[in-house]
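Structural features, examined
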Amino acid sequence: MKFGGTSIENGEKIRHVAELLKDYREQGHEIVAVTSALGGVTDGLMEIGIDASHKGKVSRVKEFMADLAKKHYDAIEITIDDARIADETIRTIDALIDELEKALIGICYLGELSPRSIDYISSYGERLAAPVVSGAVQSQGINSCSFTGGEAGIVTNSEYGCARPFEKTYENVGYILKRVVATHVPIVTGFIAENEEGIITTLGRSGSDFTASIIGAAIEADEIWLWKEVHGIMTSDPRIVPDARPIPQISYIEAMELSYFGAKVLHPRTIEPAIKHGIPVRVKNTFDPEFEGTLIVSDQRLRKDVVKAVTLIRSVAAINISGAGMVGAIGTAARVFSTLANAGVNIIMISQSSSEANMSFVVDEAHLEDAVAALKSEMNRDVIGEVACDRDICVVAVVGAGMDGIPGVAGRVFSSLGREKINVIMISQGSSQHNISFVVSSDEAEEAVRLLNHEFELGN
Ligand SMILES: Nc1ncnc2c1ncn2[C@@H]1O[C@H](COP(=O)(O)OP(=O)(O)O)[C@@H](O)[C@H]1O
Ligand SMILES: N[C@@H](CC(=O)OP(=O)(O)O)C(=O)O
């Protein structure tokens, strides 16, 4: 079971989580709990790290640390009734706060923040949360202990900020946690792991979902449950479409498409370990545990709804390359994509006109400058005449395995946009036919998502 930052935002919510864990444990379930940082803490840690490296104010660091310590002391006061457990937890928190303060002051003096240091600093959110959650569970009379991702056996490469676990992780974690769950509810920090030298790495923002899935696979869990503040995977982000509804059942592939195409409800790599080990994943609402939520499984029963959900990716940019010399020039696409790969640019979507005179792709906005520079310097100007880009765009994706082989879905998507005069800048459909994605300008994107929810009757 994984509890996200919104589920453990403060003492009251942590107490509720501890009671949930107690109830399930007393029903006879063996549970490993994965915890995120208290709500907003990871963002705060990243900001203070950047602040320290730019402005270097020790007084600002001390102020931040006092607030951070208070947030955790307050949570302890509300969640841990037993004085001995509370004292022990406070000592653990104090030691972590002391270590982190020293690191941040070091960054103030050094004036630099490497990707490795960002991972180290941001790891404290989960490292501070796990002992508090564990103390709260112990205070409910249930045996519990806490582990960092590294201590639980998760070993990754050194790609700081989005590290990938090595295969041996599954054996390590299984060996360590399978024995503990028989007697305890172990609380493991989500999001963070270690490389082979024992240096802290992170799995990417929202990576606690991925941690839960790695652990679920390693201990051969019956199910992996992701507890959130929403009623499951919804037909669209409820912040954009207020009447979006929870999807009762969805396939692994659909859930992967949704998370890759911007549905912030799941970390995009969450489903991989679950698929590999055939473990169902449930997304449930921490604050309405009786509600069944969304079940993600491989063997999806055929449902009549063709489109399951509509998602939106922001913070992207489009690049269009064109030139009469591209027509019939063999190897142009290969050169473009290897140039972008060498520049470390992630390509989200690709489209080529049938005339071959231009090619468009969508990249993360953060990679745009590197992408344009690489294309301009590497490409043969005889072939590519122009490289143009557009920052004010979003990708909208219409997802559903039921679209496969059903004629007219694309027609309905684009007719409904056309009726409302929403201009489509670029279109792409994978041959799997699970996803139709297209690009619109940023100021029309949310309206497009609402329109398509209405067109496919996805709302309540
Ligand atoms: N299709 C979707 N279904 C459900 N939630 C979505 C979707 N797209 C975006 N979201 C957002 O994802 C968030 C997921 O819940 P949250 O409790 O924040 O998870 P966590 O704490 O694990 O990160 C919600 O705030 C919701 O607005
Ligand atoms: N705390 C990390 C990891 C995480 O998974 O958080 P959440 O479960 O709140 O998305 C982050 O904010 O990215």
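Parameters at a glance
- Residues numbered from 1 in each chain as written.
- Chains lettered and ligands numbered in written order.
- Predicted model: local features only at pLDDT ≥ 70, side-chain atom pairs only at ≥ 80, totals over all residues.
- Heavy atoms only, no water.
- Near = heavy atom within 4 Å.
- Polar contact = N/O pair within 3.5 Å; in protein donor to acceptor, adjacent residues only side chain to side chain.
- Areas by Shrake-Rupley, 256 points an atom, 1.4 Å probe, with all protein chains shown as cover.
- Nonpolar A, V, L, I, M, F, W, Y, C, P; charged D, E, K, R; others polar.
- Pairing = 2+ DSSP bridges.
- Helix = DSSP H or I, 4+ residues; strand = E, 2+ residues; numbered from the N terminus.
- Contact = heavy atoms within 4.5 Å.
- Axes fitted to C-alpha atoms, helices over the stretch in contact; angles between N-to-C directions.
- Parallel < 35°, antiparallel > 145°, perpendicular 65-115°, else oblique.
- Left-handed = near helix turned anticlockwise from the far one by under 90°.
- 1 Å grid on protein atoms, 1.4 Å probe; cavity = no way out; pocket = protein on both sides within 12 Å on 5 of 7 lines; lining within 4 Å.
- Points joined across faces, edges and corners; volume = space filled by probe spheres on them.
- Domains from an automatic or database assignment.
- Buried < 20%, exposed > 50% of the residue type's maximum accessible area, 1.4 Å probe, protein only.
- Phe/Tyr/Trp six-rings, centres within 6.5 Å; stacked < 30°, edge-to-face > 60°.
- Disulfide = S-S within 2.5 Å.
- Core = buried A, V, L, I, M, F, W, Y, C linked by side-chain atoms within 4.5 Å.

**Concerning the site of ligand 2**
- Around ligand 2, the neighbouring residues are Lys2, Gly4, Gly5, Ser36, Ala37, Thr42, Glu126, Phe191, Arg205, Ser206, Gly207 and Ser208.
- The side chain of glutamate 126 places a nitrogen or oxygen atom 2.6 Å from a nitrogen atom of ligand 2.
- For ligand 2, whose free accessible area comes to 330 Å², the fraction covered by protein is 84%.
- Residues that form the shell around ligand 2 fall into these classes: two nonpolar, seven polar and three charged.

**Regarding the sheet that holds strand 8 (residues 224-228)**
- The strand order 3-5-2-1-8-10-11-9 describes an open sheet built from eight strands, whose pairing is mixed. In this open sheet, the two edge strands, each paired with only one partner strand, are strand 3 (144-147) and strand 9 (249-251).
- The sheet contact formed by strand 1 (residues 2-3) and strand 2 (residues 33-35) spans two bridges and is parallel. Residue phenylalanine 3 lies in a different strand from strand 2, and its bridge partner there is threonine 35.
- In this fold helix 8 (residues 208-218) packs onto strand 1, strand 2, strand 5 (185-189) and strand 8, with an angle of close to 160 degrees to the strand it touches most, strand 8.

**Looking at the site of ligand 1**
- Residues in close proximity to ligand 1 total 17 residues, the closest being Lys2, Thr6, Lys228, Glu229 and Met234.
- With respect to ligand 1, the backbone of methionine 234 contributes an N or O atom lying 2.8 Å from a nitrogen atom.
- Note that an oxygen atom of ligand 1 is positioned 3.0 Å from one of the side-chain N or O atoms of arginine 239.
- Considering ligand 1 on its own, with 560 Å² of exposed area, one finds that the protein chains cover 89% of that surface.

**Some thoughts on the packing of helix 11 (residues 332-342) against helix 12 (residues 368-378)**
- Close contact between helix 11 and helix 12 brings their axes to 9 Å; oriented N to C, the two are set at 130 degrees. In terms of axis orientation, helix 11 runs oblique to helix 12. Between helix 11 and helix 12 lies a crossing whose hand is right-handed. Across from Arg335, Val336, Thr339 and Leu340 in helix 11, the residues of helix 12 making contact are Ala371, Ala374, Leu375 and Glu378.

**Re the layout of surface pockets**
- Considering only enclosed or pocket space, the second largest pocket measures out at about 470 Å³ in volume.
- If you go around the second largest pocket, you meet 19 residues; those closest to its centre are Glu30, Ile31, Ala221, Asp222 and Glu223.
- Elements supplying a minimum of two residues to the lining of the second largest pocket: helix 8 and strand 8.
- Split by residue class, the lining of the second largest pocket holds 12 nonpolar, two polar and five charged.

**A word on the domain arrangement of the chain**
- For the chain, the assigned domains are domain 1 (2-222) and domain 2 (309-455).
- In this structure, domain 1 and domain 2 have C-alpha centres spaced 38 Å apart.

**Looking at unusual backbone geometry**
- Backbone geometry at phenylalanine 191 places phi at a positive 75 degrees, although glycine is not the residue there.
- Along the chain, phenylalanine 191 turns up in the loop between strand 5 and strand 6 (192-195).
- We classify phenylalanine 191 as buried; its relative accessible area is 3%.
- Within the chain, serine 206 stands out as a residue other than glycine whose phi angle is a positive 65 degrees.

**Some details on the packing of aromatic side chains**
- As enumerated under the stated definition, the model contains seven aromatic pairs in all.
- Summarising the aromatic geometry, the rings of phenylalanine 3 and tryptophan 227 are spaced 5.9 Å apart at their centres and angled 5 degrees between planes, so their arrangement reads as stacked. Here phenylalanine 3, found in strand 1, pairs with tryptophan 227, found in strand 8; they are 224 residues apart in sequence, far enough to count as distant.
- Measuring from centroid to centroid gives 5.4 Å for tyrosine 24 and tryptophan 225, while their planes differ by 85 degrees, and the two rings are edge-to-face.

**Some words on the state of the cysteines**
- For the structure on display, the rule yields zero disulfides.
- The cysteine cysteine 389 is free of any disulfide, with cysteine 394 supplying the nearest cysteine sulfur at 16 Å.

**A few points about the environment of glycine 39**
- You can see glycine 39 is positioned in the loop between strand 2 and helix 2 (41-54).
- On the accessibility criterion, glycine 39 (19% relative accessible area) is buried.
- Glycine 39 sits 66 residues away from isoleucine 105 along the chain, and the two C-alpha atoms are 24 Å apart.
- Dropping the residues within four chain positions of it, glycine 39 is found in contact with Gly5, Ile8, Glu9 and Lys71.

**With respect to the nonpolar core**
- Counting residues in each nonpolar core, the largest one holds 52 residues, and the members touching the most others are Leu177, Ile215, Ile233, Leu266, Ile296, Val362 and Val395.
- Listing elements by their share of this core, those giving two or more residues are helix 7 (168-180), helix 8, strand 8, helix 9 (252-260), helix 10 (271-277), strand 10 (281-285), strand 12 (309-322) and strand 15 (386-399).
- Top element by residues in this core is helix 8. It accounts for six residues.
- Summarising the domain contributions, this core has at least three residues from each of domain 1 (2-222) and domain 2 (309-455).
- Other than its neighbours up to four places away in sequence, leucine 266 contacts Asp209, Leu226, Ile233, Ala255, Ser259, Ile271, Val283 and Ile296.
- Grouped together as the second largest cluster of nonpolar side chains are 49 residues, Ala33, Ala75, Ile107 and Tyr124 included.

**Considering the environment of alanine 318**
- Summarising the element assignment, alanine 318 is placed in strand 12.
- For alanine 318, a relative accessible area of 10% corresponds to the buried category.
- Spatially, the C-alpha atoms of alanine 318 and alanine 388 are 8.3 Å apart, while their sequence positions differ by 70 residues.

**Looking at the packing of helix 7 against helix 8**
- Their axes nearest at 8 Å, the elements helix 7 and helix 8 cross at an angle of 75 degrees. With respect to each other, helix 7 and helix 8 are oriented roughly perpendicular. Between helix 7 and helix 8, the residues in contact are Thr169, Tyr170, Val173, Gly174, Leu177 and Lys178 and Ile214, Ile215, Ala217 and Ala218, respectively.
- Looking at the contact of helix 7 with helix 8 residue by residue, the class counts come to seven nonpolar, two polar and one charged.

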